[in-house]
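Coordinate inspection notes
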Amino acid sequence: MVMLPQSAKFIGAGLATIGLAGAGVGIGAVFSALVLGISRNPSLKDELFKMAILGFALTEAIALFVLMIVFLLLFAV
Amino acid sequence: MVMLPQSAKFIGAGLATIGLAGAGVGIGAVFSALVLGISRNPSLKDELFKMAILGFALTEAIALFVLMIVFLLLFAV
Amino acid sequence: MVMLPQSAKFIGAGLATIGLAGAGVGIGAVFSALVLGISRNPSLKDELFKMAILGFALTEAIALFVLMIVFLLLFAV
Amino acid sequence: MLKAPLEQFQILSLVNIKFLNLDFSITNFLLINILALTIFSSLIYLSSARVEASSFQKTSIYFNPNAWQKTIEGISEASAQLISDIITTDNQKYVPIISVVFNFILFSNLIGLIPYTFTATSHVIVTFTLSFSIFIGITIMTFEKYKMQGFALFLPANSSFFLALILVPIEFISYIARPISLGMRLFINLMAGHSLLKVIIGFAWSMLLLENLTSLGLILPMVIVVILFGLELGVALIQTYVFVILTCIYIQDGS
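Residues numbered from 1 in each chain as written. Chains lettered and ligands numbered in written order. Predicted model: local features only at pLDDT ≥ 70, side-chain atom pairs only at ≥ 80, totals over all residues. Heavy atoms only, no water.

**Thoughts on the pattern of salt bridges**
Here the structure, examined in full by the defined rule, presents six salt bridges over all chains. In this structure, R185 of chain D and E60 of chain C form a salt bridge, with 3.7 Å as the shortest nitrogen-oxygen distance. Placement of the pair is R185 of chain D in helix 6 (residues 161-208) and E60 of chain C in helix 3 (residues 44-76), with the two residues belonging to separate chains. You'll find R185 of chain D and E60 of chain C in the same group, each marked buried. Note that D253 of chain D and R178 of chain D form a salt bridge whose closest N and O atoms lie 2.9 Å from each other. With D253 of chain D in helix 7 (residues 219-254) and R178 of chain D in helix 6, this residue pair connects regions lying 75 residues apart in the sequence. (Salt bridge = Lys/Arg side-chain N within 4 Å of Asp/Glu carboxyl O. Helix = DSSP H or I, 4+ residues; strand = E, 2+ residues; numbered from the N terminus. Buried < 20%, exposed > 50% of the residue type's maximum accessible area, 1.4 Å probe, protein only.)

Printed below as a string of structure tokens:
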């Protein structure tokens, strides 16, 4: 079974996308903590929302590292 | 028996869809925190629901990234 | 079964990217703990934020180890 | 279709100026940077003190702020607030650099959202120049201030000797990785977001070309594109905020 590099790229890109699962869980965890934090201490507008958005953006960065590898595999390499 | 790029696309798309598992866990975590938050502090109508919907939307964004790769693999590439 | 080294590289790089899922979960956990910590004891400015950023930096290091292996597989080896 | 999602990032030269095999051509990338500069400076100039006697109501920056001035004050207050929050020691000297970085990224992100324009920050070279220059500046600053004790940066507080054996190399690697992840985060957020939009618009377009009734299915990708545009606007603002907040954290770490 000869695997052409072209088809290996597609399988590689498909495999790489699984890495996005972790970022989904991470962002869910950040916002669940935000909701719990607000219910416990409704001083929302100051730090909690800011921290949650910072946490979201940093987790999003990991998700998009994965996407970068996927684009690299599909288009660039 | 050669692995054609066409068949590799299907395998890649199948593998990529596993990435949606994370978004599922994340959205579950957000709404579980919403329920706990409301039970602890039933000031529902204001922030908690809004935060939970924001958390859901941002976790959905990760799921959309995964779906984008799947459609890219199936149709566009 | 003849697997060309070139195509094996792509599949290997795809497989390796799955490791980033863990870093996503980890950073999500760090920031969810930060949000809960602040809501419980809003002495934010000193230790909590510093510890969270330290935790984030160490988890980010793991994510970058993964990326290093992926680039090693794709380009260097 | 293959190259369509990434086609929007091509730098096309509008006016080719070759000068002893150096390429000074005017490209759309340069145009967008100039546009961002002019928008920002005209925003400031338009609402600041104008001395012509004709306008009955004397608008000036100090007395009665009009709407434009509120926006500028909002933007500069946001960056000043960030600095005073994070950097505790003599933070006034960082205000210019931080607000310049904040405004450049904010304006190039927001301009990039307009269809048919070009996003300057969706190129690795731009975000890497920003993050590496900031990183080298911070490193020089810390070692100039702390001389040789600057290496204490890599040893987290009150950790025992054996713990330090493990932590110092990891801390060193994560210190080296800071500019890379800082620049990569801004770049990939913008690039992946815009190409996601392009891909889904591509589907809407290809769905339109189907035969009669199924082309109505175009509505679904269109709705997704509208929602994603809101997300893109959020990402554009959040990413500038994160870039600047991390820069302040690194400055605070170093000073």
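**Overview of the interface of chain D and chain B**
At the interface, 11 residues of chain D touch 10 residues of chain B. Buried area between chain D and chain B, both sides added, is near 840 Å², and the carbon and sulfur share of it is 94%. The interface formed by chain D and chain B contains zero salt bridges. Here chain D and chain B share zero residue pairs in polar contact (both at pLDDT 80 or more) between them. Where the side of chain D that touches chain B is concerned, the elements lending two or more residues are helix 6 and helix 7 of chain D. Broken down by element, the side of chain D that touches chain B gets its largest block of residues, five residues, from helix 6 of chain D. Considered class by class, the residues forming the side of chain D that touches chain B number 10 nonpolar, one polar and no charged. (Contact = heavy atoms within 4.5 Å. Buried area = accessible area lost by both parts, 1.4 Å probe. Polar contact = N/O pair within 3.5 Å; in protein donor to acceptor, adjacent residues only side chain to side chain. Nonpolar A, V, L, I, M, F, W, Y, C, P; charged D, E, K, R; others polar.)

**Let's talk about the UniProt feature "transmembrane region" (unreviewed entry) in chain A**
Residues and elements named next belong to chain A. Residues given the UniProt feature "transmembrane region" (unreviewed entry) here are residues 12-39 and 51-76. Helix makes up 93% of residues 12-39 and strand 0%, whereas the separation of the span's terminal C-alpha atoms amounts to 43 Å. This span, residues 51-76, is 100% helix and 0% strand, and a straight line between its end C-alpha atoms measures 35 Å. (UniProt positions renumbered as here; feature names shortened; annotations may be inferred.)

**A look at the layout of surface pockets**
Each pocket or cavity is described by its volume, and for the largest pocket that value is around 730 Å³. As for the largest pocket, its lining consists of 31 residues, and the residues nearest its centre are K50, M51, I53 and L54 of chain C together with D253 of chain D. Taken together, the elements giving at least two residues each to the lining of the largest pocket come down to helix 3 (44-76) of chain A, helix 3 of chain C together with helix 3 (67-86), helix 6 and helix 7 of chain D. Examining the composition of the lining of the largest pocket, we find that 10 residues originate from one element, helix 3 of chain C, more than from any other. (1 Å grid on protein atoms, 1.4 Å probe; cavity = no way out; pocket = protein on both sides within 12 Å on 5 of 7 lines; lining within 4 Å. Points joined across faces, edges and corners; volume = space filled by probe spheres on them.)

**Some points on the packing of aromatic side chains**
For the structure on display, the rule yields 13 aromatic pairs over all chains. With a centroid separation of 5.9 Å and an interplanar angle of 25°, the aromatic rings of F71 of chain A and F75 of chain A are classed as stacked. Highlighted residues: F71 of chain A and F75 of chain A, both in helix 3, separated by four residues, approximately one helical turn. Each member of the pair F71 of chain A and F75 of chain A is classed as buried. Aromatic pair F19 of chain D and F24 of chain D: ring centres 6.3 Å apart, planes at 50°, arrangement tilted. Taking relative accessible area as the criterion, F24 of chain D reaches 47% and is therefore assigned partly exposed. (Phe/Tyr/Trp six-rings, centres within 6.5 Å; stacked < 30°, edge-to-face > 60°.)

**Details of the confidence of the model for chain D**
For chain D, the mean per-residue pLDDT works out to 82, and 91% of the residues sit at or above 70. Across the interfaces of the predicted complex, the ipTM metric reaches 0.83, alongside a pTM of 0.85. (pLDDT = per-residue confidence, 0-100.)

**Description of the UniProt feature "transmembrane region" (unreviewed entry) in chain D**
Residue and element names in this part refer to chain D. Residues annotated by UniProt as "transmembrane region" (unreviewed entry) correspond here to residues 26-46, 94-118, 124-143, 150-174, 186-210 and 222-252. Span residues 186-210 is 92% helix and 0% strand, its end C-alpha atoms 37 Å apart. Annotated as 100% helix and 0% strand, the span residues 222-252 places its first and last C-alpha atoms 44 Å apart.

**Quick word on the interface of chain B and chain A**
Taken together, the contact between chain B and chain A spans 41 residues of the former and 41 residues of the latter. Here chain B meets chain A over a buried area of about 3400 Å², counting both sides, of which 84% is carbon and sulfur. In terms of surface lost to chain A, no three residues of chain B exceed M3, M51 and I62 of chain B, which account for 16% of the buried area on that side. Joining chain B to chain A, the criterion identifies zero salt bridges. Summed over the shared surface of chain B and chain A, the result is two residue pairs in polar contact (both at pLDDT 80 or more). Residue assignment for the side of chain B that touches chain A shows that the elements contributing at least two residues are strand 1 (2-3), helix 1 (5-16), helix 2 (20-40) and helix 3 (44-76) of chain B. For the side of chain B that touches chain A, the element with the most residues is helix 3 of chain B, which contributes 15 residues. When grouped by side-chain class, the residues that make up the side of chain B that touches chain A number 30 nonpolar, eight polar and three charged. Of the pairings in the sheet, the one linking strand 1 (residues 2-3) of chain A to strand 1 of chain B comprises two bridges and is parallel in character. If you follow V2 of chain A over to strand 1 of chain B, its bridge partner there is V2 of chain B. (Pairing = 2+ DSSP bridges.)

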